[in-house]
Amino acid sequence: MFGWNGKLLHVNLGKGKAVADKYDAEMAKNFLGGRGFAAKILWDELKPGTDPLSPDNKLVFAGGPLTGFALPSSGKLVVASKSPLTWGYGDGNIGTFAAVQMRKAGYDAVIVEGKAEGPVILLLRDESAEFFDAKDFWGLNSFETEKKLGDLYGHTVGVLCIGQGGENLVKFANIVSQEGRAGGRPGMGAVMGSKNLKAVVFIGSNELPVAYPKEMKDLGMEAYREVLVKPNYAFWKREGTMSTIEWSQENSVLPTFNYSEGVFSKADGIGGFAMEKIKVSNRGCPQCNMTCGNVVKDSDRKESELDYENVAMLGSNIGVGKLKQVAALNRVADEYGLDTISLGSVLGFAMEASEKGLIKEKVPWGGFKGSKALIKDIAFRQGYLGNLLADGVYSASEELGKGSNRWAMHVKGLEISAYDCHTTPAMALAYGTCSIGAHHKDAWVIAWEVKAGRKGYTAEKVDKVIELQRIRGGVFECLTVCRLPWIEVGLELEWYPKFLHAATSIELPWQTLNVIGDRVFNLIRAFWIREYGKKWSPEMDVPPPRWFEEPLTEGSFKGAMLDRTKYDAMLQMYYQKRGWDERGIPRESTLTSLGLRNAAKELGGHVSLAG
Ligand code: SF4
């Protein structure tokens, strides 16, 4: 095989063993890599009902056939597992040297299972796997961990590690690399912590298997040049995703005060232009010439890497209007290894609970010092509130009761990312049906919807959500390349089949790639249904009641909210177009037509499948 290494590595931490396995060309062609491999591996290998924080859960690191080549934004890998936050499929991507080094070490994916007796570091250097005592590392934050490992092995090796959040099994702890490049929102860091795995170090020295080296080199150079001459490139380099703060404010979709409003009176203080004034440099993922991480000096005079999501969630959503303070909250979250989106959501929830008198702790809106202290409590699971919030907003609302579930902002247990949807039904549907819970990665449809018109709950909107889920959540996540060159500066989609051909020699036009996207999407759906069985219901695809019950009280969309009856009708339309029944369960014929006959058979043993 070209493009793919054709090898997976199974690591058992309990046994201190690593075994390399070959996989066949069919798996490569049908699932591509990244999310596709992760979904297939977890479907095939994970016993339904496995406790996500038990040794039996598996943690997958997977690259794709383009990972590591000199192509725009191909330095990513997917981290995936059964999520302790949602008890469904969970994943995320990270731009990291670990992606490149893992592939150069000869593996397309590494699967970690079992639990080490004590804290351990896994060193994967080409064909060898070594397990080191990590007692001296346990308790360090993610930045300190990576620095210490860099001092030992060199600062260009690939490191994936957890901070104290992962060690303490915070259910939205993530995996961190390169000081702030983090992924695995649905608790992949907690899964790592539950296995006593503090870090994985990847060192690879092999050439990647490429079908047409010259074509690959030429294409890569041409595509990098193409990115550079795009009209939006210069502005992108200045602001990255940060200009979305101003855009969201202008369009009343900036999550504010726990998603009760879409505008924030202090938005100017946390927007892209405010960021430019305190910016010191750009950071980015390997192989990328768009480097969208904006490094600023925070209120503690330390460096923090900002993007739209972390600023909106730790800014407007909790009422903090000073960017340096937002940056400090973001940095400590990265150090502890906590997902900033979920963190902003649980903080907003706590502030609202405090305001409503549901908890005795005083957590005022916009309180910087209080928020910082509470983040520490969450990371260490200290005190009643820290421990409560460490389980995520769904669990916290179940515990508190008193109607708090109506403003606990999550779907399927995963906290919603940074767009308020009072006025945007398509984006609400995208959150409702995303493969990991409420995340924007699969179908960031809101920019299109704001232009196309927000009011309708139309077939056109459903089609757009599905189209984006195929491209972004499907193909890009399986190729494990960043979507931003396409979505933000307009690098044309036609480049990707060409890259694939140069790497693998296989012709895979977009029509075929889209089928792969659907295959993976359906397999992930089957994973959720297999886990939830008879407890599965279409309610799991519905955003929280707040957006349907409490209209906006400020901004140009004052009085607006979603319509539940129309949302339900749109959801049923989505199911039909996806080939799912009225419960949202894939039909047997749908799975079979996607080459998932065995999955259909297995799923049929858990729930009845429509034909
Ligand atoms: S655009 Fe940003 S997120 Fe994407 S690869 Fe480049 S630096 Fe990473």
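Above this text is the structure in question.
Residues numbered from 1 in each chain as written. Predicted model: local features only at pLDDT ≥ 70, side-chain atom pairs only at ≥ 80, totals over all residues. Heavy atoms only, no water.

A. Representation of empty space enclosed by the protein in the model. Taken as a whole and assessed by the stated rule, the structure comprises 2 cavities of 30 Å³ or more. Computed from the structure, the largest cavity encloses a volume of approximately 50 Å³. In this structure, the largest cavity is lined by Lys412, Thr433, Cys434, Ser435, Phe521, Ile524, Arg525, Trp528 and Trp580. Here the element with the most residues in the lining of the largest cavity is helix H22 (residues 510-532); it accounts for 4 residues. Of the residues contributing to the lining of the largest cavity, the split by class is 5 nonpolar, 2 polar and 2 charged. Within this model, the second largest cavity holds a volume of roughly 40 Å³. Taken together, Phe143, Glu179, Gly180, Arg283, Glu303, Ser304, Glu305, Arg331 and Asp334 form the lining of the second largest cavity. Breaking the lining of the second largest cavity down by element, the ones donating at least two residues are strand E15 (303-306) and helix H12 (323-336). (1 Å grid on protein atoms, 1.4 Å probe; cavity = no way out; pocket = protein on both sides within 12 Å on 5 of 7 lines; lining within 4 Å. Points joined across faces, edges and corners; volume = space filled by probe spheres on them. Helix = DSSP H or I, 4+ residues; strand = E, 2+ residues; numbered from the N terminus. Nonpolar A, V, L, I, M, F, W, Y, C, P; charged D, E, K, R; others polar.)

B. Layout of the packing of aromatic side chains. Counted by the stated rule, this structure contains 22 aromatic pairs. Each ring, one from tyrosine 89 and one from phenylalanine 527, has its centre 6.2 Å from the other, and the planes form 80°; the classification is edge-to-face. In this pair, tyrosine 89 sits in strand E5 (residues 89-95) while phenylalanine 527 sits in helix H22, placing the two residues 438 residues apart along the sequence. Neither tyrosine 89 nor phenylalanine 527 differs from the other in exposure class; each is buried. For the ring pair tyrosine 574 and tryptophan 580, a centre distance of 5.7 Å and an interplane angle of 75° mean the geometry is edge-to-face. Under the relative-accessibility criterion, tryptophan 580 is labelled buried at 2%. These aromatic residues form a ring-pair network of at least three members: Phe476, Trp486, Trp495, Tyr496 and Phe499. Positioned over the ring face of phenylalanine 137 is lysine 148, at 4.8 Å from the centre of the ring. The ring of tryptophan 407 has lysine 356 sitting right over it, with the charged end atom 4.8 Å from the ring centre. (Phe/Tyr/Trp six-rings, centres within 6.5 Å; stacked < 30°, edge-to-face > 60°. Buried < 20%, exposed > 50% of the residue type's maximum accessible area, 1.4 Å probe, protein only. Lys NZ or Arg CZ within 6 Å of the ring centre and 35° of its normal.)

C. A look at the layout of surface pockets. Considered as a void within the structure, the second largest pocket measures approximately 650 Å³ in volume. Considering the residues around the second largest pocket, the lining is formed by 30 residues, among which Tyr394, His410, Lys412, Glu539 and Met540 are closest to the centre. The greatest single-element share of the lining of the second largest pocket, amounting to 5 residues, is contributed by helix H16 (residues 393-400). Partitioned by chemical class, the residues of the lining of the second largest pocket number 14 nonpolar, 7 polar and 9 charged.

D. Molecular detail of the site of the ligand. Around the ligand, the neighbouring residues are Ser73, Lys76, Arg181, Gly284, Cys285, Cys288, Met290, Thr291, Cys292, Cys482 and Leu484. Of the residues in the shell around the ligand, the class split is 6 nonpolar, 3 polar and 2 charged. (Near = heavy atom within 4 Å.)

E. Looking closely at the pattern of salt bridges. Counted under the stated rule, the structure contains 43 salt bridges. Note that aspartate 518 and arginine 578 form a salt bridge whose closest N and O atoms lie 3.0 Å from each other. One end of the pair, aspartate 518, is in helix H22; the other, arginine 578, is in helix H24 (residues 564-578), with 60 residues separating them in the sequence. Residue class for aspartate 518 comes out buried when judged on its relative accessible area of 12%. Assessed through its relative accessible area of 6%, arginine 578 is described here as buried. Between aspartate 568 and arginine 564 there is a salt bridge, with the nearest N and O atoms lying 2.9 Å from each other. (Salt bridge = Lys/Arg side-chain N within 4 Å of Asp/Glu carboxyl O.)

F. Structural view of the sheet that holds strand E6 (residues 109-113). With respect to topology, 6 strands assemble into an open sheet ordered E2-E1-E6-E3-E4-E5, the strand pairing being mixed. Where the open sheet ends on each side, the last strands, each with one partner, are strand E2 (17-22) and E5. If you compare each strand with its neighbour and ignore which way they point, the axes differ by 20° on average. In terms of strand pairing, strand E4 (residues 76-82) meets E5 through 7 bridges, oriented antiparallel. Bridge pairing in E5 places valine 78 opposite asparagine 93. In this fold helix H2 (residues 34-45) packs onto strand E1 (7-12), strand E3 (59-62), E4, E5 and E6, with an angle of close to 25° to the strand it touches most, E4. (Pairing = 2+ DSSP bridges. Axes fitted to C-alpha atoms, helices over the stretch in contact; angles between N-to-C directions. Contact = heavy atoms within 4.5 Å.)

G. Here's a closer look at the pairing of E4. In terms of residue burial, E4 counts as a mostly covered element, since 7 of its 7 residues are buried. As paired strands, E3 and E4 are joined by 4 bridges and run antiparallel to one another. Following the sheet pairing, valine 60 is matched in E4 by alanine 80. In this antiparallel pair of consecutive strands, E4 and E5, the connection spans 6 residues, and tryptophan 87 shows a positive phi of 60°.

H. Geometry of the state of the cysteines. The final tally for this structure, using the stated rule, is 0 disulfides. Sulfur of cysteine 421: no disulfide; nearest cysteine sulfur belongs to cysteine 434 and is 12 Å away. What makes cysteine 421 buried here is its relative accessible area of 0%. (Disulfide = S-S within 2.5 Å.)

I. Quick peek at the nonpolar core. Tyr89, Leu338, Leu343 and Ile378 are the most contacted members of the largest nonpolar core, which totals 169 residues. Element by element, the count of residues in this core is highest for H22, at 11 residues. Non-local contacts of tyrosine 89, meaning those with residues more than four positions away in its chain, are made with Arg35, Ala38, Ala39, Leu42, Ala80, Ser81, Ser435, Ile436, Ile524, Phe527 and Trp528. Listed in part, the 28 residues of the second largest apolar core include Ala99, Val110, Leu122 and Phe202. (Core = buried A, V, L, I, M, F, W, Y, C linked by side-chain atoms within 4.5 Å.)

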